[in-house]
Amino acid sequence: MKMNLKAVGAGSLAACATLMTIVAVLYARPAAGAQPPAAADPAVIPAWNAIAVSTIAGPSPNGAGKANAEAFLWFAFVQAAVYNAVNGITGEYELYEWNAKAPKGASPQAAAAAAAHGVLMEYFGSSDFANSGTIAANLNAALATSLGQIPDGVPKKQGIRYGERAAERLIELREDDGRFAPIVFNVPLAAGVWRPTPPALAPFFDPWLGQVEPFVIDSPSQFRPGPPPAISSDLYVEEFEEVRDYGVNIGSLRTAAQTQTALFFADTGIGPLQAGLRDLVTRRGLDISDSARLFAAVDLSMADAVIAVWDGKFHYGWWRPITAIREADTDGNPNTAGTPGWTPLLVTPPIRTGRAVCVA
């Protein structure tokens, strides 16, 4: 079963894959017949989340350098495996797409470390990365440290093996899920159609993200928003002028607080959000089952939010503000005027604009 995350996944789609409804994930129904969680140090959950962040998003040689939207997919991989590894032992919550029974008395702490290690090794400690040797060595050292905190014995050995199985199950689930599919955007250039933006003029980033298999929603297009306003409409002119006047880098109508807000949200999605979750589970004293569940609920929702947003971006292929404002003289609307050299506060990423999606 999908551990009752449908509502969490759907709710996350409203916000450009940033802040989630964290409180809601703390209060869902436990699995039928749940038992009190086995004694285990819950610190293993945030510890391996931090390792995952540095491995996935950190720069070479210690990380894969994926500090971008793709990172949310990999975080979900890790946290889903950790969730299953822990709750398959404690019985606290229903498992995600898995029904393998854990040996009675197995260590959920050892299982969590082994599951996270297994997923990260599969995707980032392999020969596919030029720095895979360094990543693998770091992951092996981190695993040794985690397991060294657990007394030797049968529970530890059983926990390690069950965690490995949880990682193997996640890897099996995500085979042929659409990652890295050779998708091309080939709509002819016209007013309103996306094209590479300065300064990098880079092609659209990871278009396959909009067609990859989601985790808890039914399809990438399930929550597709409505289309952008017609260029000839009054609404388009209203939004055009607002972005032009408030979004410009120099000479903007923004307040200082609005500028700081924009800068904050531009940097919060990857490391800071995960750090906030680590702080939350620690301050609230969540046990190992609830800690694993919180990370899984948020990160699976975030991954689905990114998939849904990318679906909308690819479907509509709408031009970015930097293009629309600089080239307004060509859009056919007499109420918009081009502003050559207009530059936004934030560097425009190489992704298409959807509908009501972050402006940059």
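Residues numbered from 1 in each chain as written. Predicted model: local features only at pLDDT ≥ 70, side-chain atom pairs only at ≥ 80, totals over all residues. Heavy atoms only, no water.

What follows covers the overall build of the protein. When you go through the protein residue by residue, the secondary structure sums to 11 helices and zero strands. Counting from the amino terminus, helix and strand elements in the protein follow one another as α-α-α-α-α-α-α-α-α-α-α. For the protein, the residues scored as buried account for 51% of the 360 residues in total. Within the protein, counting contacts between residues at least 6 apart in sequence, those at least 24 apart form 80% of the total. (Helix = DSSP H or I, 4+ residues; strand = E, 2+ residues; numbered from the N terminus. Buried < 20%, exposed > 50% of the residue type's maximum accessible area, 1.4 Å probe, protein only. Contact = heavy atoms within 4.5 Å.)

When pLDDT is averaged along the protein, the result is 88, and 87% of the positions lie at 70 or above. The model gives residues 1–38 a pLDDT under 50, and that stretch makes 89 contacts with residues more than four places away or in other chains. Here residues 355–360 is a poorly scored stretch, pLDDT under 50, and it has 22 contacts once near neighbours within four places are set aside; other chains count. (pLDDT = per-residue confidence, 0-100.)

Within soluble globular proteins, side chains that are nonpolar generally end up buried alongside one another. Counting 86 residues, the largest nonpolar core has I45, W48, I56, V82, L120, F124 and F215 as the members making the most contacts within it. Contributing elements (two or more residues each) for this core: α2 (44–57), α3 (70–90), α4 (108–124), α5 (132–148), α6 (154–173), α9 (271–283) and α10 (288–316). Looking at which element gives the most residues to this core, the answer is α3, with 15 residues. Setting aside residues no more than four positions away along its own chain, W48 makes contact with A113, A116, H117, L120, L139, A142, L143 and S146. Ranked by size, the runner-up nonpolar core spans 12 residues in total, among them Y236, V248, I322 and W342. (Core = buried A, V, L, I, M, F, W, Y, C linked by side-chain atoms within 4.5 Å.)

We now examine the side chain of S146. In this fold, S146 is placed in helix α5. Apart from residues lying up to four places away in sequence, S146 is in contact with W48 and A113.

For α4, spanning 17 residues, the distance from its first C-alpha to its last is 24 Å, which sits close to the expected 24 Å at 1.5 Å a residue. The buried count for α4 comes to 14 of 17 residues, which makes it a mostly enclosed element. (Expected span 1.5 Å × (residues − 1).)

The interhelical angle for the contact between α2 and α5, taken along N-to-C directions, is 175°, at an axis separation of 12 Å. As summarised for this structure, α2 and α5 are arranged roughly antiparallel, according to the angle between their axes. Between α2 and α5, the residues in contact are W48, I51 and T55 and I135, L139, A142, L143 and S146, respectively. Its residues placed into classes, the contact of α2 with α5 shows six nonpolar, two polar and no charged. (Axes fitted to C-alpha atoms, helices over the stretch in contact; angles between N-to-C directions. Parallel < 35°, antiparallel > 145°, perpendicular 65-115°, else oblique. Nonpolar A, V, L, I, M, F, W, Y, C, P; charged D, E, K, R; others polar.)

Each pair of aromatic rings is reported with the distance of its centres and the angle of its planes. Overall, the coordinates contain 16 aromatic pairs when judged by the stated rule. Directly above the aromatic system of W310 lies the positively charged group of K313, at a separation of 5.8 Å from the ring centroid. (Phe/Tyr/Trp six-rings, centres within 6.5 Å; stacked < 30°, edge-to-face > 60°. Lys NZ or Arg CZ within 6 Å of the ring centre and 35° of its normal.)

For α9, which comprises 13 residues, the first-to-last C-alpha distance of 18 Å matches the rise-based estimate of 18 Å (1.5 Å per residue) to within 8%. Regarding α9, the residues found buried are L273, Q274, L277, L280 and V281. Buried residues of α9 fall within an arc of 115° about the axis and therefore sit on the same side. Facing away from the buried surface of α9 by more than 90 degrees, the exposed residues are T282 and R283. G285 occupies a position one or two residues after α9 and carries a positive phi of about 65°. (Arc of directions from axis to C-beta.)

Working note: a packed helix pair is described by the angle between its axes plus the distance between those axes. α4 packs onto α3 with a crossing angle of 155° between their chain directions and a minimal axis gap of 8 Å. One finds that α3 runs roughly antiparallel with respect to α4. As α3 packs across α4, the resulting crossing turns out to be right-handed. Across the interface between the two elements, W74, F77, V78, A81, V82, A85, V86, I89 and T90 from α3 touch P108, A111, A112, A115, A116, V119, L120, Y123 and F124 from α4. (Left-handed = near helix turned anticlockwise from the far one by under 90°.)

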